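# Reading the structure
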Amino acid sequence: MHYVMSDIHGKYEKYLQMLELIQFSEQDKLFILGDIADRGEQPIEIYQDMMKRNNIIPIMGNHDYMALFLLDMLITDMTEENFAADLELEDMQDILAWIDEGGDTTIAGFQKLSISEREEILDYIAGFALYQEIQIQEKKFILVHAGLENFEETRKLDSYEPQELLFIRDDPDKAYFQDKNIYVITGHTPTPYYSGKAEIYHGNNRICIDCGACFQTGRLACLCLETMEEFYI
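For clarity, every value in this text was computed on a predicted model and none was experimentally measured. (Residues numbered from 1 in each chain as written. Predicted model: local features only at pLDDT ≥ 70, side-chain atom pairs only at ≥ 80, totals over all residues. Heavy atoms only, no water.)

### A few points about empty space enclosed by the protein
Going through the model one piece at a time under the given rule, you end up with 1 cavity of 30 Å³ or more. Together, A146, I168, R169, D170, T186, G187, H188, T189, Y194 and R206 line the largest cavity. (1 Å grid on protein atoms, 1.4 Å probe; cavity = no way out; pocket = protein on both sides within 12 Å on 5 of 7 lines; lining within 4 Å. Points joined across faces, edges and corners; volume = space filled by probe spheres on them.)

### Topic: the pairing of strand β5 (residues 139-144)
Two elements, strand β4 (residues 131-136) and β5, share 6 bridges in a ladder whose sense is antiparallel. Residue Y131 lies in a different strand from β5, and its bridge partner there is V144. Taken together, β4 and the strand that follows it, β5, pair antiparallel across an intervening segment of 2 residues, in which Q137 is found at a positive phi of about 55°. Where β5 meets strand β6 (residues 182-186), 4 bridges bridge the pair, whose relative direction is parallel. Bridged to F141 within β6 is Y183. (Pairing = 2+ DSSP bridges. Helix = DSSP H or I, 4+ residues; strand = E, 2+ residues; numbered from the N terminus.)

### Section: unusual backbone geometry
If a residue is not glycine, its phi is most likely negative; likewise, a peptide bond is most likely trans. With a phi angle near 45°, H9 is a residue other than glycine that sits in the positive phi range. Secondary-structure assignment places H9 in the loop between β1 (2-5) and α1 (12-21). The class of H9 is buried, set by a relative accessible area of 3%. Its identity as a non-glycine residue notwithstanding, H188 has a phi of 75°, on the positive side. If you trace the backbone, H188 turns up in the loop between β6 and α8 (192-195). Taking the relative accessible area as the measure of exposure, H188 reaches 6% and is therefore buried. (Buried < 20%, exposed > 50% of the residue type's maximum accessible area, 1.4 Å probe, protein only.)

### Things to note about the layout of surface pockets
For the largest pocket, the calculated volume is near 170 Å³. Forming the boundary of the largest pocket are 16 residues, of which R39, H63, R169, H188 and P190 lie nearest the centre. Ranked by residues supplied to the lining of the largest pocket, first place goes to helix α3 (residues 62-71) with 3 residues. Looking at side-chain class alone, the lining of the largest pocket contains 5 nonpolar, 5 polar and 6 charged residues. (Nonpolar A, V, L, I, M, F, W, Y, C, P; charged D, E, K, R; others polar.)

### Regarding the sheet that holds strand β7 (residues 201-203)
Sheet strands associate in pairs through backbone hydrogen bonding, adopting either a parallel or an antiparallel arrangement. Pairing in this open sheet of 5 strands is mixed, and the strands run β4-β5-β6-β8-β7 from one edge to the other. Where the open sheet ends on each side, the last strands, each with one partner, are β4 and β7. Across the sheet, the mean angle from the axis of one strand to that of its neighbour is 20°, orientation sign disregarded. (Axes fitted to C-alpha atoms, helices over the stretch in contact; angles between N-to-C directions.)

### Some details on the state of the cysteines
For the structure on display, the rule yields 0 disulfides. In this structure C211 is not part of a disulfide, and its nearest cysteine sulfur, from C208, lies 9.2 Å away. Of all cysteine sulfurs in the structure, the one in C211 sits closest to C214, which takes part in no disulfide; the separation is 12 Å. (Disulfide = S-S within 2.5 Å.)

If you want it as structure tokens, here you go:
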């Protein structure tokens, strides 16, 4: 089976519970549409578990994208002395802005690692795809973190810049493709903002699966592409 999950945001226990709920096996594939990092307590543990599994396919999220570049500045241990010496003012401002977005938990977990473990994490995140296309029976699924900004039906997916795929917030009912067998699955914007409910949102061949796992009233969602069965923790 092929499964899709998104926006785990450090909720390691929910992630493990979901793998158990769907009875995830070596014969299955799980696509994670980004935002493993930040907010929740254990984002680094999620990355480390994903790294061990060849059948988990990660897709870049905006929080992973920020983590990739900002954690690289923290690859060595920062002290009061070298913090000011090694980081430019703009770098410091970026890190503080990231912390305000929930990056403190990612930084804390990262700093507990050895230098070699930190390098492994960064190499892993750097390998995340910006999107995936998969065919299940007659349906084609385009998996991307946030959406397709500046969309044109004839535009090739590999022409999109990261900013166009990772940060957009648009109308979830806006159809991208005229072909009714093409579905675009996204995370990024929690579905309660669309429907008031922490559940997967469907509209005009758009499927939104970020159900706010890191929020008190949210849930982690997972979708099976063969059956369209929905799972929640």
